[in-house]
Amino acid sequence: MSDAIRAVILGIIEGVTEFLPVSSTGHLLLAERFFHLGEGAFWDSFTVLIQLGAILAIVGLYFRKLWDVVIGFFSGDAYARRFVIGVLVAFLPAVVVGLVAGKYIKLLLFNPWVICFTLIVGGAILLWVDKLELKPREHDATKFPLLMYLYIGIAQCVAMIPGVSRSGASIVAAMLLGADKRAAAEFSFFLAIPTMIGAFAYDFYKSRAEMTMDNINIVAIGFVVSFITAIIVVKTFLTYVTRHGFLLFAWWRVIAGTLGLIALALGH
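Residues numbered from 1 in each chain as written. Predicted model: local features only at pLDDT ≥ 70, side-chain atom pairs only at ≥ 80, totals over all residues. Heavy atoms only, no water.

**Q** So what exactly am I meant to see when it comes to the nonpolar core here?
**A** If you look at soluble globular proteins, the nonpolar side chains tend to sit buried side by side. With 48 residues, the main nonpolar core has Phe 19, Phe 144, Phe 187, Phe 189 and Phe 237 as its most contacted residues. The element that contributes the greatest number of residues to this core is helix α10 (residues 181-206), accounting for 10 residues. Leaving out residues up to four positions away in the same chain, Phe 187 has contacts with Phe 83, Val 87, Ala 90, Ala 141, Phe 144, Tyr 149 and Ile 152. Formed by 14 residues, the second largest nonpolar core is a distinct cluster that contains Leu 10, Leu 28, Leu 37 and Trp 43. (Core = buried A, V, L, I, M, F, W, Y, C linked by side-chain atoms within 4.5 Å. Buried < 20%, exposed > 50% of the residue type's maximum accessible area, 1.4 Å probe, protein only. Helix = DSSP H or I, 4+ residues; strand = E, 2+ residues; numbered from the N terminus. Contact = heavy atoms within 4.5 Å.)

Here you go:
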């Protein structure tokens, strides 16, 4: 299989899974393990670098709202400034945990057994939350209380364990704290912007020596594919979740994790 085809497949996986509560990192690592789609230092960096494509899809889809926030922030709008502060408050716990424990988490927990178990456990949690009779109080992701932003950010740190899902952790936390399904999902999108841009910048700096012209072209392919795929998925996801909840994604996780454990037990 050529590197370009690998980049397309991994770009599709990234674009489909980044904003669904199913763990993009878990799916990418399992795809690399079971289907040999990319092995080695470059491909480890590749899976992080193409996340920027998915993030830019969010920027494009929410450009008007984000632009209004930027303008409001610099013109003194209290709501805009509060939202920016809220996103930063939610973002900081992941920065602290990543700097303190990131390399240990990667060393100890980035293995397929952990991913499969966390996919199943995360699916069970989604099934539980989906059946709760929650009474949402917050319907606008830009107007959550500041403490709520902080708690969501702390919950997001759990997603450093591969298979947990960054979007899943933040969505579940937001719903348990009083957000409706759509607002919880939208805030997970907004929180992804600084989180993934930070991860992209850090990984690009670490792997800069490997960025030959050929490798840059491969990253560009994955980037574009993840961007296009993420636009389609996000627009569909919000409508689906608002109407049907998270049951489909919960079972997706359980089935994927179970199949992974079976494959590992058989020696694959």
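That covers the picture; the talk isn't over yet.
**Q** How should the packing of helix α7 (residues 112-131) against helix α12 (residues 247-265) be read in this particular structure?
**A** When two helices pack together, their arrangement is given by the angle between the helix axes and by the axis-to-axis distance. Two elements in contact, α7 and α12, have axes whose closest approach is 8 Å; the angle formed by their N-to-C orientations is 155°. The angle between the axes of α7 and α12 places the two elements in the roughly antiparallel class. Judged by the sense of rotation from one axis to the other, the crossing of α7 with α12 is left-handed. (Axes fitted to C-alpha atoms, helices over the stretch in contact; angles between N-to-C directions. Parallel < 35°, antiparallel > 145°, perpendicular 65-115°, else oblique. Left-handed = near helix turned anticlockwise from the far one by under 90°.)

**Q** Mind showing me how you'd approach the packing of aromatic side chains here?
**A** Working definition: an aromatic ring pair is given by the centre-to-centre distance plus the angle between the planes. Tallying each qualifying case throughout the model produces 15 aromatic pairs. Between Phe 19 and Phe 189 the ring centres are 5.4 Å apart and the planes differ by 80°, which places this aromatic pair in the edge-to-face class. With a gap of 170 residues between them, Phe 19 in the loop between α1 (3-17) and α2 (24-35) and Phe 189 in helix α10 connect regions that are remote in the sequence. Here Phe 19 and Phe 189 have matching classes, each one buried. (Phe/Tyr/Trp six-rings, centres within 6.5 Å; stacked < 30°, edge-to-face > 60°.)

**Q** How should the packing of α7 against helix α9 (residues 166-176) be read in this particular structure?
**A** Two elements in contact, α7 and α9, have axes separated by 11 Å at closest approach and are oriented at 25°. Taken together, the axes of α7 and α9 are roughly parallel relative to one another. α7 and α9 meet at a crossing whose hand is left-handed. Across the interface between the two elements, Ile 125, Leu 126, Trp 128 and Val 129 of α7 pack against Val 172, Met 175 and Leu 176 of α9. Of the residues in the contact of α7 with α9, the class split is seven nonpolar, no polar and no charged. (Nonpolar A, V, L, I, M, F, W, Y, C, P; charged D, E, K, R; others polar.)

**Q** I would appreciate a short explanation of the environment of His 27 in the present structure.
**A** Relative to the elements of secondary structure, His 27 occurs in helix α2. A relative accessible area of 15% means that His 27 is categorised as buried. On a C-alpha basis, the gap between His 27 and Ser 170 in space is 18 Å, while along the polypeptide they are 143 residues apart. Reaching out from His 27, the side chain makes a polar contact with the backbone oxygen of Val 22 at a distance of 3.2 Å. (Polar contact = N/O pair within 3.5 Å; in protein donor to acceptor, adjacent residues only side chain to side chain.)

**Q** Honestly, the pattern of salt bridges in this entry has me stumped. Any pointers?
**A** Here the idea is simple: oppositely charged side chains can pair when their charged atoms come close. The full count for this structure, using the stated rule, is five salt bridges. Of the charged contacts in the structure, one is a salt bridge between Arg 6 and Asp 3, with a shortest N-O distance of 3.2 Å. Highlighted residues: Arg 6 and Asp 3, both in helix α1, separated by three residues, approximately one helical turn. With a closest N to O distance of 3.9 Å, Asp 130 and Lys 181 form a salt bridge. Placement of Asp 130 in helix α7 and of Lys 181 in helix α10 is noted, with a sequence separation of 51 residues between them. Since its relative accessible area comes to 27%, Lys 181 is described here as partly exposed. (Salt bridge = Lys/Arg side-chain N within 4 Å of Asp/Glu carboxyl O.)

**Q** In this structure, what is going on with the UniProt feature "transmembrane region" (unreviewed entry) in the chain? I would like to understand it.
**A** Following the UniProt record, the feature "transmembrane region" (unreviewed entry) maps to residues 42-63, 83-102, 108-129, 149-177, 183-204, 216-238 and 250-267 here. The span residues 83-102 carries 100% helix and 0% strand; its end-to-end C-alpha distance comes to 27 Å. Its end C-alpha atoms 31 Å apart, residues 183-204 is made of 100% helix and 0% strand. (UniProt positions renumbered as here; feature names shortened; annotations may be inferred.)

**Q** In this structure, what is going on with the environment of Tyr 149? I would like to understand it.
**A** One can find Tyr 149 in helix α8 (residues 146-156). Among the residues examined, Tyr 149 registers a relative accessible area of 0% and is labelled buried. For Tyr 149 and Phe 63, which are 86 residues apart along the polypeptide, the C-alpha to C-alpha distance reads 21 Å. The contact partners of Tyr 149, leaving out residues within four places of it in the chain, are Phe 83, Gly 86, Val 89, Ala 90, Ala 141, Thr 142, Lys 143, Phe 144 and Phe 187.

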